[in-house]
Every structure is written in structure tokens, then in C-alpha cells.
Number of protein chains: 2
Amino acid sequence: MKGKFTAGFDFGTLSCRACLADTMTGDIIATASCPYPHGVMSESLNGHSLPDGFALEDPADYIFAFTSTVRDLFFKSGVSSTDIAGIGIDFTMSTVLPVYADGRPLVFDSKFAQNPHAYAKLWKHHAAQRYADIITAESIKSCPGLLDRVGGKCGCEGLSAKIWETLDNAPEVYAAADYYIEAGDWMVMLLTGRLTRGVGAAVTKALFTRELVPPTDFFFKLDPRFADIDKKLAGDLLFPGSCAGHVREESARIFNADPESWFAPGTEVAVFMADGHAAVAGNGTIDEGCLVASIGTSAAYMIFGREEKYIPGICGCTYGAAIPGLYMYSSGLSCAGDLLGWYADRFTPPEYAKEAAENGETNIGLLTRKAATLCPGESGLIALGWVNGNKSMLQDTDLSGMIIGLTLRSKPEEIWRAFAESLAFGTRVIIESHKSAGIPVKKFIALGGIAEKSPFLMQMFADVLGMEIEISPLAQYPGYSIAVYAAVAAGIYPTVPDACTVMKHTPSAKYIPDNKRGEIYSRLYAEYLKLYDYFGRGENDVMKKLRRIEKTEN
Amino acid sequence: MKGKFTAGFDFGTLSCRACLADTMTGDIIATASCPYPHGVMSESLNGHSLPDGFALEDPADYIFAFTSTVRDLFFKSGVSSTDIAGIGIDFTMSTVLPVYADGRPLVFDSKFAQNPHAYAKLWKHHAAQRYADIITAESIKSCPGLLDRVGGKCGCEGLSAKIWETLDNAPEVYAAADYYIEAGDWMVMLLTGRLTRGVGAAVTKALFTRELVPPTDFFFKLDPRFADIDKKLAGDLLFPGSCAGHVREESARIFNADPESWFAPGTEVAVFMADGHAAVAGNGTIDEGCLVASIGTSAAYMIFGREEKYIPGICGCTYGAAIPGLYMYSSGLSCAGDLLGWYADRFTPPEYAKEAAENGETNIGLLTRKAATLCPGESGLIALGWVNGNKSMLQDTDLSGMIIGLTLRSKPEEIWRAFAESLAFGTRVIIESHKSAGIPVKKFIALGGIAEKSPFLMQMFADVLGMEIEISPLAQYPGYSIAVYAAVAAGIYPTVPDACTVMKHTPSAKYIPDNKRGEIYSRLYAEYLKLYDYFGRGENDVMKKLRRIEKTEN
């Protein structure tokens with residue numbers, strides 16, 4: 001008899017977190033995590049400083065973290081490898097790298113070990129903005145419709161901008177690479193020996209067409225050196241829950257793993273999914289009008305609809321990317337926890353830090369506590385929290401943050417609260433844009449670190465959005481959701497909805513909107529929206545001009 | 001033979017600072033200072049909380065501080081009272097109070113001791129904004145031209161708005177007061193027994209007409225209860241350097257002073273001047289095109305011209321307010337040192353504060369040092385430093401501060417620098433407005449705490465303005481300038497320019513503009529100006545709307 005357990009591995013920005021699930025009950029059997037030894041490299045690489053906007057990782061770290069969490073799962077759970085029916089892998093997206101035909105990353109080759117373009121370019125690598133801008137401009141001229149499913153604009157975080165950046169700056173890396181792939185697809189390839197691509201990433205980040213092939217002619221028009229792009233982007237495209245292959249005999253060796261704490265050859269491996277997409281499963285039935293929000297360092301929103309609509313400024317619309325039969329509209333905020341952490345780190349005054357230390361709370365904890373005593377509008381402040389650019393609905397990394405309404409009375413917790421409110425307002429812009437386009441949004445499920453840890457922020461979201469917010473318990477179990485897909489890939493359930501129905505977890509909390517606060521927020525939101533459009537849509541492009549002056553003067 | 005010394009008393013926001021000068025050489029013989037025991041009362045008065053915008057002082061504090069500094073001057077200098085030919089008093093403006101016919105403040109009367117409107121309303125008391133707004137609106141309708149010499153707008157800091165606020169909120173105080181006067185005129189009255197008014201304050205703050213009388217009909221139209229306004233605003237109007245009267249016999253008793261350390265009866269007392277106006281003397285020849293800038297907690301600018309022009313948004317244009325024969329155009333920034341202090345107090349993170357403490361520097365010192373290593377434009381930030389409203393050229397206390405260009409990389413010293421730059425940019429707006437109106441600005445003389453203590457800021461001013469900045473040495477001797485006027489009042493010199501020529505001090509420092517930095521600043525300034533107009537001139541009135549929401553939600 002086939003095993004009843006599946007293992008999910010969630011590769012985040014800084015670590016791999018894993019989960020072993022019982023597919024019959026949805027119980028969590030064991031969890032494990034392992035940070036990447038080198039973390040994110042954005043300032044320097046091997047002692048050489050990196051250009052602005054770089055964010056690289058070493059694929060060796062992914063192997064190390066994977067092997068370590070696999071060993072821990074076996075150790076903690078005591079299950080035998082034959083009890084495990086399937087494996088799923090999700091990854092930040094687009095985190096991409098060039099590899100040889102056998103799956104070996106170019107960076108493992110001493111020829112390329114010093115070349116930044118041979119490393120994995122992490123999702124938040126923003127140095128390809130220039131290429132993204134040209135892709136957007138060219139597509140309007142020569143390939144209208146190409147970007148319809150990615151909100152009309154090519155993002156700099158996607159594979160297409162990053163591969164061009166590599167071609168243009170390190171043509172030798174491009175030439176030597178047999179494939180250019182998402183790190184998640186690469187992990188699956190190492191395990192199975194088979195090159196597949198998850199459909200969600202391919203469509204939203206590599207601009208695959210409705211026929212599910214790369215837009216080769218368009219790439220060639222952009223740059224004739226893209227003549228062989230179809231080869232670099234080869235691989236079978238698969239929908240979520242599909243089996244991408246089986247764990248191969250030599251995988252333990254490739255991963256430097258102890259064969260005693262490793263998967264049995266033949267274990268089924270689900271096709272890679274983006275971490276955001278994967279997070280959908282495990283929260284019960286997902287239908288039209290559901291918004292699943294993953295709110296952590298940044299925020300990723302997935303809104304599900306039955307119809308295909310063009311919505312400018314979203315990151316992507318992919319049929320069946322998470323749930324068969326449903327279009328998934330992706331969008332997000334470029335920063336969330338990052339914004340609040342930045343403020344708490346850099347602007348908490350000494351007496352606040354002292355008070356926090358005395359109370360045994362964090363600076364964020366203290367700022368939250370003080371901010372929670374304020375009423376909406378009481379501080380007279382509004383912020384645009386674009387300190388890491390604006391992902392949706394403006395898709396512009398050159399935008400920046402602002403705050404208005406400062407007076408000599410303004411206190412740190414008031415400014416902090418205004419930035420927190422900007423996250424909720426930014427989310428309302430996204431939801432209202434979907435509604436205007438004819439995609440209803442009726443249910444809000446939140447997961448991720450902020451969703452789990454900040455009742456203050458989640459109540460604010462409920463009040464600003466005028467919607468009930470359900471907190472997914474899966475925030476505590478990264479990797480669980482992809483284990484649900486692995487159960488489908490392993491044939492335990494025939495469809496993703498079937499697996500979701502059995503393996504669901506009930507919300508860990510619910511936040512009910514308050515009408516009185518909501519009314520004040522609506523007045524503030526009207527002002528927010530005016531600033532959003534004025535600074536975000538080109539009427540005053542001061543943010544971009546400041547970035548340009550900054551670059552030329554540095 | 002008459003004494004050759006004069007004593008100047010400079011009543012600031014928090015203390016009285018005095019200076020004894022040798023009128024033959026300009027030497028400083030002694031200085032003294034004394035803080036006001038109760039300081040500024042803005043949160044509560046006698047245990048009762050005060051409305052938003054209140055800023056009161058107790059006139060008993062002025063008497064205490066005056067007597068104390070007089071005693072110190074005598075003690076430190078060893079001069080005898082007969083060696084002192086004249087006394088001058090300058091004061092923050094408009095700091096106003098209601099008094100009885102004999103000069104006794106209403107607040108000394110137990111009937112009024114609990115009434116906030118019986119106290120001195122300090123210049124930065126902003127609670128009369130509503131009344132100022134109506135005066136502006138009404139003057140346009142029924143008395144065009146009235147506000148031409150105050151920039152077209154009635155400021156809430158002036159006597160006219162404050163007296164109406166008193167009439168409307170405490171009619172019993174208005175009715176009981178024989179006079180409503182500037183605190184500086186009141187000090188002169190206590191000393192001499194004679195009611196005079198300095199022309200500068202009367203014209204700019206009490207809206208006295210070209211005929212140098214109050215606009216009684218206009219006040220009556222505003223509110224029929226103003227029928228007796230001419231009596232409340234009585235007193236002889238005098239130009240700077242005029243003798244307002246002589247120290248009277250009973251003054252020692254009135255001031256609770258030791259007669260041994262007090263002025264000789266008959267000593268000449270100069271008419272009161274605003275502290276900003278008085279600051280002009282002592283810096284050598286002041287002619288057309290000179291800008292004298294007093295940069296401390298806020299910044300007051302006086303620009304001298306030979307012609308009368310209408311410049312919307314300035315605080316006043318008064319003929320002969322500081323130098324006979326010259327029009328003095330007054331303007332300013334609502335905050336300067338206050339802005340930088342606010343940021344340093346509330347947003348300096350613990351590790352910076354620790355570093356500052358270890359180096360024995362202040363937080364402002366550390367932020368300055370770090371900010372000084374940055375190049376213009378390097379941080380990609382622009383601020384509107386209106387955290388205490390905008391005095392010139394917008395005359396609007398409901399405006400607030402903003403900063404734009406924030407990213408996850410933004411550091412405290414970068415934000416601090418952007419706020420510092422906003423002071424220089426705000427100054428450039430003022431200078432360019434004068435130039436456009438046909439009033440040249442060719443020479444910049446700076447004094448005050450910031451001018452003296454911050455070479456960083458003064459160099460920035462030079463670079464942004466493209467002008468050489470001379471630092472007046474008088475920053476170290478508040479009270480010296482009014483002692484120069486006292487020398488004229490005492491008849492030692494026939495005219496103010498004569499006194500200025502002899503009693504001048506040479507600049508303590510000069511800052512030369514750097515062209516390269518100036519060019520970058522000009523690019524930033526263009527962006528600053530666009531934001532200035534957008535938020536300041538009504539196209540987007542979000543700042544005012546936020547203030548309204550704030551008031552209704554508190």
C-alpha cells in the first residue's frame with residue numbers, strides 16, 4: 001500500500017521550511033526549517049561590490065537547506081521513506097538561475113563562480129528594471145496583448161527581464177546555459193531528472209503565451225541574440241497538482257544526503273509552484289471571489305475568478321495556476337513587514353527602545369501597542385508606503401514612499417501607524433480595481449507572518465476594507481499547502497478541490513469590520529487615492545526624478 | 001555728562017537675554033539672561049487643559065526675568081546707573097496681552113487669573129486661525145488694500161486675530177481691558193508710565209493703516225462688539241530709535257527691584273521693537289537689497305528695499321520699521337531649529353543616540369556630522385518642512401510637513417538632511433518671490449542660534465541660494481541690537497544709520513556658494529517648488545483636510 005504522508009518544502013527568501021502532512025486527516029506530523037548559509041547577497045559577492053538593485057543567492061544553499069530539512073523531517077516524525085507518497089516544492093518567484101543540461105548550475109563551474117549573473121537572481125533582484133521597461137514598450141508596439149495577462153506591464157522581478165539582463169551583461173553566461181529556469185523547477189529537476197515548468201510562473205514571469213509556449217519571435221525582435229530562446233526555456237508545462245516525475249536513484253548523491261534519511265526512489269514529485277500560489281490550498285474550498293493574501297515581508301494577493309478580464313497593473317492572470325477551473329489574478333504590495341521593520345529599526349527613539357526593553361517587548365511590539373490606542377484620522381497623517389516601489393496596481397519599482405501631515409506634535413507611533421494604514425489602503429486599491437473590472441472579491445483569507453502576529457494590522461485591514469478577515473492557520477506551517485498539492489500529484493486525491501476539502505484547516509482568527517472606523521478610513525482613503533494617482537500615475541513624476549538624480553550623484 | 005552705555009533687553013520665547021553696550025566703541029560690557037519660570041503653557045493652565053493651538057505665557061515671568069537680568073548687568077559690569085544713557089526692549093511678536101489703564105495685566109487680577117485669554121498670547125499661539133481667516137475673507141470684500149502691506153493675508157499670530165479670539169471667547173476679558181498691547185509695548189509702559197506703540201508691530205500685526213491708526217470701521221464691520229476698538233488700541237505710534245519716555249521714579253517698586261540695582265529715574269527708554277526687526281542694527285550699513293535673517297527655532301527674514309511693492313504671502317512691509325528711509329519686507333519660516341530638534345528628539349534611533357553619547361555630542365550634532373558626508377541629491381529625498389505650518393509665502397498654519405522619496409535604504413541622517421534642505425529651499429522661494437516683485441536681494445546676513453552653531457546648514461543655504469552668507473556676530477549677544485537703537489533714543493547718535501556705522505561688528509564667518517552643489521540643488525529645487533505649489537496653493541488641499549479630520553476625530 002502507498003504511504004499516506006506527503007512532504008512540502010517552502011523555499012522562502014531566507015530559509016527552507018518543511019512540513020510532513022497526513023493526507024487522510026490534514027494533521028501536521030512534523031515541521032523543520034533551515035536558513036540559507038549565505039543569505040541574500042545584495043551589497044557584495046566574494047568581496048566585489050554589486051551594482052544597485054542586485055539580490056543574489058547561491059543555489060548550493062538551497063541544496064544544503066533542502067537536505068537538512070529532509071533529514072529533520074525523518075528524524076522528528078520517525079516515518080519511513082516508504083510511508084511518504086509524494087513531495088511538493090514551492091519557491092519564491094521569480095528566483096531564476098542558468099543551468100547545464102544535467103541540472104548543474106553554471107555557478108558550480110569554476111569558470112562562472114565569480115560571475116554575478118551565474119547566481120540565482122532572487123525575486124527581489126531589481127536590477128533588470130531597464131529591460132522590463134523596454135519589454136513593456138516593445139510589446140505595445142510589436143506584440144499587443146502579450147502583457148494582457150500580466151497587467152499590461154512587464155515586471156523587473158520576472159524571468160524575462162532577468163534573462164535579458166544576463167544576455168546583455170554576461171553573454172557568456174547566457175551562451176553556456178542550456179536552460180534558464182525558476183529555482184523551484186530546478187529543484188524538481190534535480191530530484192527527478194526531468195525538466196518541467198510550473199504553469200503559473202511560466203505564464204506570469206516568462207510571458208508564455210496562451211498556447212503555453214515562450215513568445216520566441218518577440219524575444220528575437222527584442223534582441224537577435226535571443227535566436228535560441230526556445231531551447232533555454234524548454235521543459236514540459238504542467239498544472240498544479242501534476243506529477244512532474246519520480247525521485248531518482250542518484251538523487252541522494254546529488255543532494256549529498258544520507259540515504260537513510262532520504263526519499264525512496266520512485267516517490268512522486270509534484271510540479272513546482274510559486275510560494276504564493278501554493279499557499280491557497282489547505283484553507284478549505286476556494287471559489288470565485290476569494291482573495292488569499294500572504295502578508296509577510298511583502299504581500300502577495302491571489303484573487304480567484306471564473307472569467308478572464310484584463311486588469312492593468314496586476315502581476316498576472318493565470319488559468320488554473322492554483323485551482324483547476326479558476327483564473328487566478330495575482331497582485332501584491334512590494335513591502336509590508338519590511339516597511340514596518342524598517343521604520344522600527346531606524347526611527348524608534350531611545351526612550352521607546354528603553355521602554356520596550358524594560359517590558360520585554362520588541363520595538364514593533366511597543367509601536368503597535370502605542371499606535372493601537374489612536375483612533376483613525378487622529379494623527380492627521382497619510383503615507384504612501386512605497387519604500388520598496390509599488391507592485392500593484394502601478395508595477396513600478398522606481399516609486400518611493402512619502403508621508404504627509406507631519407507636525408511638531410507628530411509622534412513615532414503616529415507615523416508608524418500611518419505607514420501601517422498605507423498597507424491597508426494599498427490593498428483596498430487592489431480590491432477595488434478588481435471589482436471595477438468585474439471580478440468580485442467577497443472573502444479575504446490572510447496568511448503569513450504579519451497575518452498571524454498582528455491582530456492590530458488585521459483589524460485595521462478589516463476596518464479599511466469593510467470585509468471580514470479570516471486568518472489561515474497555515475501561517476504556522478509553511479510547506480503544508482504544497483503538501484496538499486503533493487497529495488494530488490501522488491494520486492491520493494483525484495483533484496485539488498478534493499484534497500482541499502479533506503486537508504483543510506479552520507481559520508485561527510476572524511476580524512470583523514467596525515463601521516464607525518470604516519467611515520473615517522473611507523475619508524482618509526479618498527485622500528490616499530488622490531496622492532496615489534498623482535504620484536503614481538505620472539502627473540508628478542518627482543519620485544522617478546529623485547531616483548535619477550540619486551543615481552547620477554552617487 | 002550723560003552716560004555712554006546703553007542696555008538692550010531681548011525677550012525671546014523662553015527667556016530674557018540682556019546686553020550692556022559701550023556706544024562709543026560697540027564693545028559688549030556685560031551680558032545676562034534669565035529664563036521665564038513657567039515657560040510656554042500650551043497643554044494646560046493651572047491644571048486645566050488648554051485647547052489645541054494655545055501657547056500662553058505669564059506676564060509676571062517677564063517682570064521676573066527683566067529684574068533679574070538688570071541686576072546681573074549691574075553686578076557683572078560694575079557700572080553705575082548714571083552711566084547708562086538709555087534702555088531698549090525687543091520682544092517676540094505678536095505676543096499680546098490685555099492690561100488696565102495703569103499697565104497692570106488683567107491676569108494679575110484674581111478675577112481673571114484662571115482665564116487663558118487674560119494671559120499673554122505668545123507669538124506661536126495659533127488658536128486664532130479661524131479669526132484670521134475671516135479677517136482675510138472680509139477684507140477682500142469690504143476693505144480692499146487693508147492687507148496689502150501684510151502680504152494679502154491676515155496671520156493668526158498677529159494682534160488683530162488674537163484680540164478677536166479674546167472678544168469672542170472671553171468677552172468679559174475684552175470688556176475689562178483698557179488696552180490690548182504687544183508685551184514689548186507693555187514693558188516700556190511699565191518703565192515709563194507712558195503708552196506708546198512700536199510702528200513695526202502696529203502696522204504688521206494690528207493692521208494699522210497708512211495713516212497709522214487702527215482700521216476701526218473694518219473691525220466694527222467684523223463684529224459690532226469692536227465699537228470701542230480704538231480705545232483698546234490707543235497709544236502714540238513711534239518709529240524705531242524714538243524715545244518712548246523716561247524711567248519713572250516708581251518703576252523699581254513696580255518691578256520688585258532692588259533700587260541699588262536699578263536704572264536712574266529719567267533714563268531714556270527706546271520704543272519697543274519686534275525682536276526680528278531690532279536684530280538688523282549692529283551689522284554695519286543696511287541698504288537696499290540686504291536680507292537680515294534671524295534663524296533660530298523659527299526663521300524671520302527682513303529684506304530692505306527703496307520701493308513699496310505688493311508681495312503676496314509676506315508677513316508685512318513697513319516703512320521705516322527698522323531703518324529710516326527703507327521699506328522693510330518681513331517674511332519667515334514657521335520653524336527652523338524646531339524642525340531639526342523635533343526630528344532629532346523623536347526619531348534618532350538608539351544606536352545613533354548611543355554613538356552620540358559615547359562621542360560626547362548631541363543627537364543633532366551626530367545627525368549633522370553624518371548628513372554632512374552626503375552629497376546633494378544622493379538620498380533621493382525631498383521634504384516640505386511645514387511641521388509648524390507655512391509662514392511665507394503661504395501664510396497658512398494648517399499646512400503640514402511631508403517627505404517624499406523614502407526607500408528601505410533611507411537612513412535617519414538622510415531624512416534629517418532632507419528636512420534641513422527644506423529650510424534652504426523655503427528660503428529660496430521667499431527670495432525669488434521678492435526678486436520677481438522687483439525687490440532685489442543681494443546680501444544675506446544671518447544671525448540667531450542656527451546661523452551661529454551650524455556651519456553645515458549655513459553652507460547649505462549658500463549653496464542652495466547661490467549667495468554668500470555672512471554670519472552676524474550678534475548671534476552671541478541678543479539684546480545688543482536694541483541697545484544700538486537705545487543709543488539713538490538717548491540722543492547719543494542723531495540717526496539709526498549713524499549708530500549702525502559706529503556700533504557695527506564684523507561678520508564672524510562667511511560661507512561661499514559651491515557651483516557644483518548649487519546645480520544639483522537647483523534640480524531638486526524645481527521639484528520642491530512643484531510640491532510647494534501643489535500642496536500649498538490649494539490644488540490638493542489634503543493637508544487641510546487631514547487637519548479637519550484630525551480635529552473632528554479627537
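Here's what I pulled together on the structure shown here. Quick caveat: nothing in here was measured; it's all calculated off a predicted structure.

## Re helix 2 (residues 129-142) of chain A
All names here are of chain A.
Working step 1: For helix 2, with 14 residues, the first-to-last C-alpha span of 20 Å sits near the 20 Å given by 1.5 Å per residue.
Working step 2: When helix 2 is considered as a whole, its buried residues turn out to be Gln129, Tyr131, Ala132, Ile135, Thr136 and Ser139. Here the buried residues of helix 2 occupy an arc of 160 degrees about the axis, which is enough to place them on one side. In this structure, helix 2 carries Arg130 and Lys141 as exposed residues pointing more than 90 degrees from its buried face.

## Topic: the sheet that holds strand 17 (residues 299-305) of chain B
Residues and elements named next belong to chain B.
Working step 1: Reading across from one edge, 18-19-17-16-22-23-24 is the order of the seven strands in this open sheet, with mixed pairing throughout. Edge positions in the sheet fall to strand 18 (316-319) and strand 24 (509-511), since each has one partner strand and no second. Put simply, the sheet's adjacent strands are angled 20 degrees from each other on average, direction ignored.
Working step 2: Bridge count between strand 16 (residues 290-295) and strand 17: five bridges; the pairing is antiparallel.

## Section: the side chain of A:Lys370
Residue and element names in this part refer to chain A.
Working step 1: Tracing the chain through its elements places lysine 370 in helix 13 (residues 363-372).
Working step 2: At a separation of 3.4 Å, a polar atom in the side chain of lysine 370 contacts the side chain of glutamate 355.
Working step 3: If we skip the residues at most four places from it in the chain, lysine 370 touches Tyr352, Glu355 and Glu413.

## Thoughts on the state of the cysteines
Working step 1: Evaluated as defined, the whole model comprises zero disulfides over all chains.
Working step 2: As a non-bridged cysteine, A:Cys500 has A:Cys290 as the owner of its nearest cysteine sulfur, 11 Å distant.
Working step 3: B:Cys154 provides the cysteine sulfur closest to B:Cys156, a residue in no disulfide bond, and the two sulfurs are 8.5 Å apart.

## Some thoughts on unusual backbone geometry
Generally, phi is negative for residues other than glycine and the peptide bonds are trans, each holding for most cases.
Working step 1: Cis rather than trans, the peptide bond between A:Met93 and A:Ser94 has omega equal to -20 degrees.
Working step 2: Along the chain, the position of A:Ser94 falls in the loop between strand 7 (84-91) and strand 8 (96-99).
Working step 3: For A:Asn46, which is not a glycine, the phi torsion comes out positive at approximately 50 degrees.
Working step 4: Here A:Asn46 falls in the partly exposed class, since its relative accessible area comes to 47%.
Working step 5: Positive phi values are uncommon outside glycine, yet B:Leu207 reaches one of about 60 degrees.
Working step 6: Within the element layout of this structure, B:Leu207 appears in the loop between helix 6 (199-205) and helix 7 (216-222).
Working step 7: For B:Leu207, a relative accessible area of 3% gives the class buried.

## Side note on the sheet that holds strand 20 (residues 382-384) of chain B
Working step 1: On the basis of which strands lie adjacent, the open sheet formed by four strands has the order 20(A)-21(A)-21(B)-20(B) and antiparallel pairing. Edge positions in the sheet fall to strand 20 (382-384) of chain A together with strand 20 of chain B, since each of these pairs with one other strand and no more. On average, adjacent strands in this sheet sit at an angle of 10 degrees to one another, irrespective of strand direction.

## Concerning the interface of chain A and chain B
Working step 1: Tallying the contact residues gives 58 residues for chain A and 59 residues for chain B.
Working step 2: Summing both sides of the interface, chain A and chain B together bury roughly 5,000 Å²; the carbon and sulfur share of this comes to 58%.
Working step 3: Viewed at the interface, chain B and chain A are joined by four salt bridges.
Working step 4: A salt bridge links A:Lys545 to B:Glu527; its shortest N-O distance comes to 3.3 Å.
Working step 5: Scanning the region where chain A abuts chain B turns up 27 residue pairs in polar contact (both at pLDDT 80 or more).
Working step 6: For the side of chain A that touches chain B, the secondary structure elements donating two or more residues are helix 11 (337-347), helix 12 (350-359), strand 21 (401-406), helix 14 (412-436), helix 19 (515-536) and helix 20 (542-553) of chain A.

## Focus: helix 13 (residues 363-372) of chain B
Each α-helix turn comprises 3.6 residues. Residues three or four places apart therefore point the same way.
Working step 1: Within helix 13 of chain B, burial applies to B:Leu366, B:Leu367, B:Thr368 and B:Ala371.
Working step 2: Considering only its buried residues, helix 13 of chain B is in contact with helix 11 (337-347), helix 12 (350-359), helix 14 (412-436) and helix 16 (455-465) of chain B.

## Re the environment of A:Val213
All names here are of chain A.
Working step 1: Tracing the backbone shows valine 213 in the loop between helix 6 (199-205) and helix 7 (216-222).
Working step 2: A residue is classified by how much of its surface remains accessible, and valine 213, at 42% relative accessible area, is partly exposed.
Working step 3: Sequence-wise, valine 213 and leucine 237 are 24 residues apart; in three dimensions their C-alpha atoms are separated by 8.6 Å.

## Considering the packing of helix 14 of chain A against helix 19 of chain A
Residues and elements named next belong to chain A.
Working step 1: Between helix 14 and helix 19, whose axes approach to 10 Å, the crossing angle comes to 80 degrees. By the angle class used here, helix 14 and helix 19 are roughly perpendicular. Every residue of helix 19 that contacts helix 14 at Arg417, Glu421, Ser422, Phe425, Gly426, Arg428, Val429 and Glu432 is listed here: Tyr521, Ser522, Leu524, Tyr525, Tyr528, Leu529 and Tyr532.
Working step 2: When the residues that make up the contact of helix 14 with helix 19 are grouped by side-chain class, the tally is eight nonpolar, three polar and four charged.

## Re the pattern of salt bridges
Working step 1: According to the stated counting rule, one finds 58 salt bridges over all chains in the structure shown.
Working step 2: A salt bridge links B:Glu550 to A:Arg409; the shortest N-O distance between them is 3.4 Å. In this pair, B:Glu550 is assigned in helix 20 (residues 542-553) and A:Arg409 in the loop between strand 21 and helix 14, connecting two distinct chains.
Working step 3: With relative accessibility at 9%, the residue B:Glu550 sits in the buried group.
Working step 4: Among the charged side chains, a salt-bridge network with shared partners connects A:Arg130, A:Asp168, A:Asp223 and A:Arg225.

## What to know about the packing of aromatic side chains
Working step 1: Across all of its chains, the model carries 68 aromatic pairs over all chains by this definition.
Working step 2: Ring geometry for A:Phe11 versus A:Phe91: centroids 4.7 Å apart, planes at 10 degrees, classification stacked. Taken together, the positions of A:Phe11 in strand 1 (residues 5-11) and A:Phe91 in strand 7 put the pair 80 residues apart, joining distant regions of the chain. No difference in accessibility class separates A:Phe11 from A:Phe91, as the two residues are buried.
Working step 3: On the numbers, 5.2 Å between centres and 75 degrees between planes, the contact of B:Trp342 with B:Phe347 is edge-to-face. Comparing B:Trp342 with B:Phe347, the two get one shared label, buried.
Working step 4: Taken together through their ring pairs, the aromatic side chains of A:Phe9, A:Phe11, A:Tyr36, A:Tyr62, A:Phe66, A:Phe74, A:Phe91, A:Phe255, A:Trp262 and A:Phe263 make up a single cluster.
Working step 5: Sitting over the face of the ring of A:Tyr174, A:Lys232 holds its NZ or CZ atom 4.7 Å from the ring centroid.
Working step 6: Its end group placed over the ring of A:Tyr525, A:Arg428 keeps NZ or CZ at 4.1 Å from the ring centre.

Calculation criteria
Residues numbered from 1 in each chain as written. Chains lettered and ligands numbered in written order. Predicted model: local features only at pLDDT ≥ 70, side-chain atom pairs only at ≥ 80, totals over all residues. Heavy atoms only, no water. Helix = DSSP H or I, 4+ residues; strand = E, 2+ residues; numbered from the N terminus. Expected span 1.5 Å × (residues − 1). Buried < 20%, exposed > 50% of the residue type's maximum accessible area, 1.4 Å probe, protein only. Arc of directions from axis to C-beta. Pairing = 2+ DSSP bridges. Axes fitted to C-alpha atoms, helices over the stretch in contact; angles between N-to-C directions. Polar contact = N/O pair within 3.5 Å; in protein donor to acceptor, adjacent residues only side chain to side chain. Contact = heavy atoms within 4.5 Å. Disulfide = S-S within 2.5 Å. Buried area = accessible area lost by both parts, 1.4 Å probe. Salt bridge = Lys/Arg side-chain N within 4 Å of Asp/Glu carboxyl O. Parallel < 35°, antiparallel > 145°, perpendicular 65-115°, else oblique. Nonpolar A, V, L, I, M, F, W, Y, C, P; charged D, E, K, R; others polar. Phe/Tyr/Trp six-rings, centres within 6.5 Å; stacked < 30°, edge-to-face > 60°. Lys NZ or Arg CZ within 6 Å of the ring centre and 35° of its normal.

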